[in-house]
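# Structural overview for review
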Amino acid sequence: MAVSSGPQIALTDEERFPLLDDLSFLNALRQDVFAPKFNFKSGDRLNEAQLSRVHWHKIKYYKEKVFWSAAQMPIWLKDYLHWCVETVPFYQNKGNDLDSFPTISREDIRNFPHLFVSNEANLNELLVYHTSGSTGPKLDVLFDAVSQASWLPQIESILKDFDIAITEGKHTTAIALICAQEKTLTYASLSTYLEGAGILKINLNPSEWNQPDHAVKYLEKYNPQILTGDPIAFMALLDLAPQLNPKAMISSAMKLTKGTKNKLENYFKCPVIDLYSLTECRNIAYATEIGHKIIRPDLYLEVFDEHKNVKLPYGERGELVVTGGNNPFLPLIRYRTGDFCSLKIENGVPFIVGLEARNPILFYTKSNIKVNNIDISNGLSELPLAGFKMHQRKDKTIEFLGYSNEVTAEEVTAFLHTIFKNDIDVMVDIQNISQNNTVEKTLYSSELI
Amino acid sequence: MSKYDVFELVTHLRKCPEAYLQSSDFFSTEGVNSIALVQDTYRLVTNDFLRNDFNISSNLGTIDDNHWRAIHISTWLLSNPDFINNPVIEDKLYSFWFIELHKASAYVKCNEWINDDERAEEMVRLLLYCCEIIPFGENQDEAADKLSSLSSVERHKVLKQSYEAHERIMKIKREMEEQKAREAANTYGRE
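What you are looking at is a predicted structure, and each value in this text was computed from that prediction instead of being measured.

The rules we used
- Residues numbered from 1 in each chain as written.
- Chains lettered and ligands numbered in written order.
- Predicted model: local features only at pLDDT ≥ 70, side-chain atom pairs only at ≥ 80, totals over all residues.
- Helix = DSSP H or I, 4+ residues; strand = E, 2+ residues; numbered from the N terminus.
- Rg over C-alpha atoms; globule rule 2.2 N^0.38 Å.
- Buried ≥ 20, exposed ≤ 12 C-beta atoms within 10 Å, placed from the backbone.
- Contact = placed C-beta atoms within 7 Å.
- Core = buried A, V, L, I, M, F, W, Y, C linked by C-beta atoms within 7 Å.
- Nonpolar A, V, L, I, M, F, W, Y, C, P; charged D, E, K, R; others polar.
- Domains from an automatic or database assignment.
- Pairing = 2+ DSSP bridges.
- Axes fitted to C-alpha atoms, helices over the stretch in contact; angles between N-to-C directions.
- pLDDT = per-residue confidence, 0-100.

Glancing now at the overall build of chain A. Within chain A one finds 12 helices and 20 strands. In terms of C-alpha radius of gyration, chain A reaches 22 Å, essentially the compact-globule figure of 22 Å for 449 residues. By its C-alpha atoms, chain A is 60 × 55 × 45 Å across when sized along the principal axes. When each of the 449 residues of chain A is scored for burial, the buried share is 42%. A separation of at least 24 residues holds for 64% of the contacts in chain A among residues at least 6 apart in sequence.

Before going further, it helps to examine the nonpolar core. Ranked by internal contacts, the top residues of the largest apolar core, which has 101 residues, are L142(A), I178(A) and A233(A). Considering each element in turn, this core owes the most residues, six residues, to strand β3 (residues 173-179) of chain A. Setting aside residues no more than four positions away along its own chain, A233(A) makes contact with I178(A), C179(A), A180(A) and L204(A). With 34 residues, the next largest nonpolar core counts W76(B), L93(B), A120(B) and M123(B) among its residues.

Moving on to the interface of chain A and chain B. Across the boundary between the two partners, chain A contributes 43 residues, which contact 21 residues of chain B. When contributions to the side of chain A that touches chain B are tallied by element, the ones reaching two or more residues are β1 (127-131), β2 (139-143), α6 (145-149), α7 (151-161), β3, β5 (197-203), β6 (226-229) and β8 (272-278) of chain A. In terms of residue count, the dominant contributor to the side of chain A that touches chain B is β1(A) (four residues). Across the side of chain A that touches chain B, the residue classes break down as 24 nonpolar, 13 polar and six charged.

Our next topic: the domain arrangement of chain B. The domains assigned to chain B are domain 1 (6-150) and domain 2 (153-181). If you average the C-alpha positions of domain 1 of chain B and of domain 2 of chain B, the two centres end up 37 Å apart.

Looking now at the sheet that holds strand β11 (residues 299-304) of chain A. Residue and element names in this part refer to chain A. Taken in spatial order, the 12 strands of this open sheet run β4-β5-β3-β6-β7-β8-β9-β10-β14-β13-β12-β11, and their pairing is mixed. A strand with exactly one partner marks an edge of an open sheet, and here the two such strands are β4 (187-191) and β11. Averaged over all adjacent pairs, the angle separating strand axes in this sheet is 35°, with direction ignored. Across four bridges, strand β9 (residues 282-288) lies against strand β10 (residues 291-294) in antiparallel orientation. Across the sheet, T288 pairs through a bridge with G291, a residue of β10.

On to the confidence of the model for chain A, then. Chain-level pLDDT for chain A is 90 on average; 93% of the residues reach the 70-or-more range. Low confidence marks residues 434-441 of chain A, where pLDDT is under 50. Its contacts with residues over four positions away, or in another chain, come to 10 contacts.

Rendered as structure tokens:
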């Protein structure tokens, strides 16, 4: 998200943390001599009722996880479908039986986000996250503070599998989201759910720090318990060789290769967890040796034929489809994730097998400076492209194919020259969108990998 | 002529004389004596011209001019031979006059019952429905569907719901634009 055109700082700290009285640790994180040039502010926004709902969510779903089986759908499903039909305009006039619901796609959410808002959702609690998406055109995701903060109990339930617990309290930094991008929002924050523990979102880009060595010094000083980020950011962190003792690292958004995982685990001496999550419903599963283990009993997963509205039996490979969640602004019923796998159930726990997630792709300028595909997605999200494919040839020439009735090849060429620091050859082709398109999903590829 | 043919009853209704559109005047100096008109209609329907104990609303003060005139017009409709000497509908008329027409009159101006084809058909069908009479050539479901599609009360309800849904969507869109431009809540990991 470009800082210049992104959201603006609009709240007071009292509004960011309605339940926290002592903000001294937040001020320490913000004002530290080694602190980055934070460009944003953020809070968890939880009031008393909302915090109770996060705790209730934890107790109901994560204390003892009860999933579905091949023969038995989850017990909450019937009530959930009924509630959706009664209160969510997009699902009105559907039956109360799951099989009466066709699959929906990212396009449905992109085109009609307002129709997915339950009539029971309090609009005063609406929050919006504008995502470029690493695999598609921009999307406005609607959510509330409760579904956002539920990330924490969901992650705690994973960490429990590794006998790891996050220490709560106002003198510890619980989580640092590490980025290595040209631009991103950065801030220091706190977690009410974790009793005031620190939360950081930082960018390793040297231009974000007062001195080149401050990133390492700052991280070493606050030594976050959990590091989160994508494999590219983690490799960038590894290059800096910081002396950190994280309890765990959680990698998401891109596929984590075995080589990268091993390198990180050898250096940081902690588990590196490959998390599968989507902006539309947050965390879903994490990688184990026998597949991605599902962590959310409040989600029901199915596999569908890629092109037809046909559910496939367990063991058969197809597109992963999600139902459920705890977001009243985006309740999902048979949402196509765009990711492919098969499902199996082992000892009552469902696993995603052979998940084809997004691959991390690095592009290079002619003089070998790395360019992250997230920065490309972020920048391109400003242009009204319905989709695009980008490929880098061995001679480093970028081939770009976009789908749009508005964007010109000149605009895209200018953007690519900027992001590649005027050190690249590009071939841009823009195809018009007709009434009957076979527009492919956004795809990055390179002959240099 | 077929009995309870909607088209024929609508044709009859639309010939309602101007006199029935006058305001209610219990002293019969300048308008219609509504009570007398209702009682006469009861007598026609029951074919009992000596009775005086007909069921008439005890809250006459709550009936407004537009509602009274709708009742006047409906008595013309009830003067059609289909309803004369038809005592089984006597105890259905109270509900028609003082409940159903009361609700519909909130959305229909009295002259529309005569001048507007759809409203005329609505009054005919409302009367038949209240009297538990199925229109000629129709079955119960068809009759119910047709009345529902004409009903001013239903239409208002649907419009209100649709208006509320529209308002809600507009409000969500406004909130979305506002919230998109503002800080949201902590992000803990990449997605």
